[in-house]
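Per-entry structural report
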Amino acid sequence: MRRKATALWNGNLKEGKGNLTTDSTVLNETQYSFSTRFEDGVGTNPEELLAAAHAGCFTMQLSAFLTEAGFVPDELKTVSTIVFENGAIVRSELELTAKVPSIDNTKFQELAQKAKDNCPVSKAFSFEKTLQATLL
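Conventions used here
- Residues numbered from 1 in each chain as written.
- Predicted model: local features only at pLDDT ≥ 70, side-chain atom pairs only at ≥ 80, totals over all residues.
- Heavy atoms only, no water.
- Helix = DSSP H or I, 4+ residues; strand = E, 2+ residues; numbered from the N terminus.
- Contact = heavy atoms within 4.5 Å.
- Core = buried A, V, L, I, M, F, W, Y, C linked by side-chain atoms within 4.5 Å.
- Buried < 20%, exposed > 50% of the residue type's maximum accessible area, 1.4 Å probe, protein only.
- 1 Å grid on protein atoms, 1.4 Å probe; cavity = no way out; pocket = protein on both sides within 12 Å on 5 of 7 lines; lining within 4 Å.
- Points joined across faces, edges and corners; volume = space filled by probe spheres on them.
- Nonpolar A, V, L, I, M, F, W, Y, C, P; charged D, E, K, R; others polar.
- Pairing = 2+ DSSP bridges.
- Axes fitted to C-alpha atoms, helices over the stretch in contact; angles between N-to-C directions.

Named according to an unreviewed UniProt entry, the chain is OsmC family protein originating from Sphingobacterium thalpophilum.

This part covers the side chain of N19. With respect to the element layout, N19 can be found in strand β2 (residues 17-22). What N19 contacts, discounting residues up to four positions off in sequence, is T6, A7, L8, E29, T30, Q31 and Y32.

So, on to the nonpolar core. Counting 24 residues, the largest nonpolar core has F58, L62, L66 and L96 as the members making the most contacts within it. The element that contributes the greatest number of residues to this core is helix α2 (residues 46-68), accounting for 6 residues. Beyond its immediate stretch of four places on either side in the chain, L96 contacts F58, L62, L76, K77, T78, F108, A112, L131, Q132, A133 and T134.

Another aspect to go through is the layout of surface pockets. The volume enclosed by the largest pocket comes to roughly 450 Å³. Along its surface, the largest pocket is lined by M1, R3, K4, A5, L20, T22, D23, S24, L27 and L49. Class assignment of the residues belonging to the lining of the largest pocket gives a composition of 5 nonpolar, 2 polar and 3 charged.

In this fold, F84 is placed in strand β4 (residues 75-85). The spatial distance from the C-alpha of F84 to the C-alpha of C57 is 20 Å, given a sequence separation of 27 residues. Other than its neighbours up to four places away in sequence, F84 contacts R37, F38, E47 and I89.

Our next topic: the sheet that holds β2. Overall, antiparallel pairing links the 3 strands, which are arranged β1-β2-β3 in an open sheet. Two strands lie at the open edges of the sheet, namely β1 (5-10) and β3 (30-33), each paired on one side alone. Strand after strand, the sheet turns through a mean of 25° between neighbouring axes, direction not considered. Note that β1 and β2 share 6 bridges and pair antiparallel. Within β2, the residue paired with A5 across the bridge is T22.

Take a look at the structure:
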């Protein structure tokens, strides 16, 4: 499998603007700029896209591990916060809330940690990954 995204940028860093397009067109000339990355401008930025990738990958991996262990989740909700400090991405903070019938918290925590450590996006990230998992 291969997936592609294209970035187009015009101008200098601070006043320039760009857009991102993915093959699926989920992102279709989606704007990004200095203000969307370092201020509160409208559009996306690389860190937000990394957060989405990590949240999605981790959640799917956890669903797979739960299913393999005989549990069917009613709901898994993950927020990933990418922390950018001093010009570097230093951490992805995963916050999970889950509704999984018939699972005890010990087994849930074990599978959540396993998913954090083994989802392909986690493996691609060299920075710290943290997890706060809450079973509802």
